[in-house]
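# Secondary and tertiary structure notes
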Amino acid sequence: MYSILKTQGVLPLVTQINIETAQIIVRSAADAGIKIIEFAARSNDSKEVFSQMVNFKKANNLNIKIAVGSILTIEDAETYHKLGADCIVCPHTDLEIGNYCIKNNIYWIPGAATLNEILYANKQGAEIVKLFPADKIGGPGYVKAIKAPFPNLKIMPTGGVTLEESNLKSWFKSGVVCVGIGSNLFSKEMLQHLTYDQSLEAFQNLIEIIEKIRN
């Protein structure tokens with residue numbers, strides 16, 4: 001999973017979508033060459049929507065992995081793992097969730113804000129740590145500062161990552177492995193009336209700008 005995220009450079013995130021929109025996103029992401037996306041489980045029907053996403057992916061033989069984000073409890077981690085999640089993403093570091101993921105060979109990306117929290121997550125078995133909320137705790141300058149004594153930290157900032165070249169350049173220049181991007185890719189309004197063509201274009205543009213920045 002690490003190699004996929006490092007190569008892709010970005011983990012696109014969507015949340016609070018209906019089944020039809022979820023299917024559009026999964027198909028268009030796969031068609032654009034995206035290898036992994038994140039579905040943040042933040043609504044009452046999240047389990048049903050995610051289950052349908054997985055079924056749709058399998059039925060259409062789509063080459064894409066689906067991470068589930070906003071996982072707060074071990075019970076939800078177990079549920080989404082059984083429903084077919086390829087990766088569990090948390091806004092925090094929970095040892096129970098981490099142990100479950102490691103024991104069951106499911107990739108775990110916990111969230112952290114401070115250097116001690118990041119190092120703690122690493123010690124619990126996390127390879128990549130989600131820096132959250134990245135823009136509120138110092139931005140790219142903060143990443144650069146904490147990587148100075150710990151250059152091997154593998155960080156994915158989420159929160160405040162935009163599609164602007166200057167923004168993305170500053171994050172990658174600070175040494176992040178990849179970035180997480182959600183509402184700045186698909187706004188809430190856009191998701192309400194999303195078409196396949198709009199979604200495909202958004203993913204294609206995302207890949208293009210990431211490649212441009214990193215090269």
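Residues numbered from 1 in each chain as written. Predicted model: local features only at pLDDT ≥ 70, side-chain atom pairs only at ≥ 80, totals over all residues. Heavy atoms only, no water.

### Some words on the packing of helix α8 (residues 165-173) against helix α10 (residues 196-214)
- At a closest axis distance of 10 Å, the pairing of α8 and α10 adopts a crossing angle of 55°. Looking at the two axes, α8 sits oblique to α10. Where α8 crosses over α10, the handedness of that crossing is right-handed. Across the interface between the two elements, E165, L168, K169 and F172 from α8 touch I209, I210, K212, I213 and R214 from α10.
- Residues belonging to the contact of α8 with α10 are distributed by class as follows: 5 nonpolar, no polar and 4 charged. (Axes fitted to C-alpha atoms, helices over the stretch in contact; angles between N-to-C directions. Helix = DSSP H or I, 4+ residues; strand = E, 2+ residues; numbered from the N terminus. Parallel < 35°, antiparallel > 145°, perpendicular 65-115°, else oblique. Left-handed = near helix turned anticlockwise from the far one by under 90°. Contact = heavy atoms within 4.5 Å. Nonpolar A, V, L, I, M, F, W, Y, C, P; charged D, E, K, R; others polar.)

### Structural notes on the pattern of salt bridges
- Taken as a whole and judged by the stated rule, the model has 3 salt bridges.
- As a salt-bridge pair, D76 and K47 come within 3.5 Å of each other at their nearest N and O atoms. Residue D76 is found in helix α4 (residues 74-83), and its partner K47 is found in helix α3 (residues 46-59); the two are separated by 29 residues along the sequence.
- In this structure, D86 engages K57 in a salt bridge whose closest nitrogen and oxygen atoms are separated by 3.5 Å. (Salt bridge = Lys/Arg side-chain N within 4 Å of Asp/Glu carboxyl O.)

### Details of the packing of α4 against helix α5 (residues 95-103)
- Close contact between α4 and α5 brings their axes to 9 Å; oriented N to C, the two are set at 25°. As summarised for this structure, α4 and α5 are arranged roughly parallel, according to the angle between their axes. Viewed along their axes, α4 and α5 form a crossing whose handedness is right-handed. Residue-level contacts link I74, A77, E78 and H81 of α4 to E96, I97 and Y100 of α5.

### With respect to the nonpolar core
- Ranked by size, the top nonpolar core spans 65 residues in total, and within it I37, I88, I97, V179 and F203 carry the most contacts.
- In this structure, I88 is in contact with V68, I71, A77, Y80, I97, C101, I106, Y107, W108 and I109, ignoring residues within four places of it in sequence.
- With 13 residues, the next largest nonpolar core counts L11, V89, I128 and M156 among its residues. (Core = buried A, V, L, I, M, F, W, Y, C linked by side-chain atoms within 4.5 Å. Buried < 20%, exposed > 50% of the residue type's maximum accessible area, 1.4 Å probe, protein only.)

### Considering the layout of surface pockets
- Considering only enclosed or pocket space, the largest pocket measures out at about 460 Å³ in volume.
- Elements with a contribution of two residues or more to the lining of the largest pocket: β1 (10-15), β9 (179-181) and α9 (188-192).
- Residues belonging to the lining of the largest pocket are distributed by class as follows: 8 nonpolar, 12 polar and 3 charged.
- Roughly 210 Å³ of internal volume is contained in the second largest pocket.
- Lining the second largest pocket are I4, T7, Q8, V10, G33, I34, K35, I207, I210, E211, R214 and N215.
- Put simply, the parts of the chain that give the lining of the second largest pocket at least two residues each are α1 (2-8) and α10.
- Here the lining of the second largest pocket gets 4 residues from one element, more than from any other, and that element is α10.
- Looking at the lining of the second largest pocket residue by residue, the classes come out as 5 nonpolar, 4 polar and 3 charged. (1 Å grid on protein atoms, 1.4 Å probe; cavity = no way out; pocket = protein on both sides within 12 Å on 5 of 7 lines; lining within 4 Å. Points joined across faces, edges and corners; volume = space filled by probe spheres on them.)

### A word on the packing of aromatic side chains
- Applying the stated criterion to the full structure yields 3 aromatic pairs.
- Taken together, a centroid distance of 6.2 Å and an interplanar angle of 15° make the contact between F39 and F50 stacked. Placement of the pair is F39 in strand β2 (residues 36-40) and F50 in helix α3, with a sequence separation of 11 residues. Summarising the burial analysis for this pair, F39 and F50 share the class buried.
- An angle of 65° between the planes, with centres 5.6 Å apart, marks the rings of F50 and Y80 as edge-to-face. Note that F50 is positioned in helix α3 and Y80 in helix α4, a separation of 30 residues in sequence.
- Ring-pair connections join several aromatic residues into one group, and the members of that group are F39, F50 and Y80.
- Over the face of the ring belonging to F132 we find K130, whose NZ or CZ atom lies 5.0 Å from the ring centre. (Phe/Tyr/Trp six-rings, centres within 6.5 Å; stacked < 30°, edge-to-face > 60°. Lys NZ or Arg CZ within 6 Å of the ring centre and 35° of its normal.)

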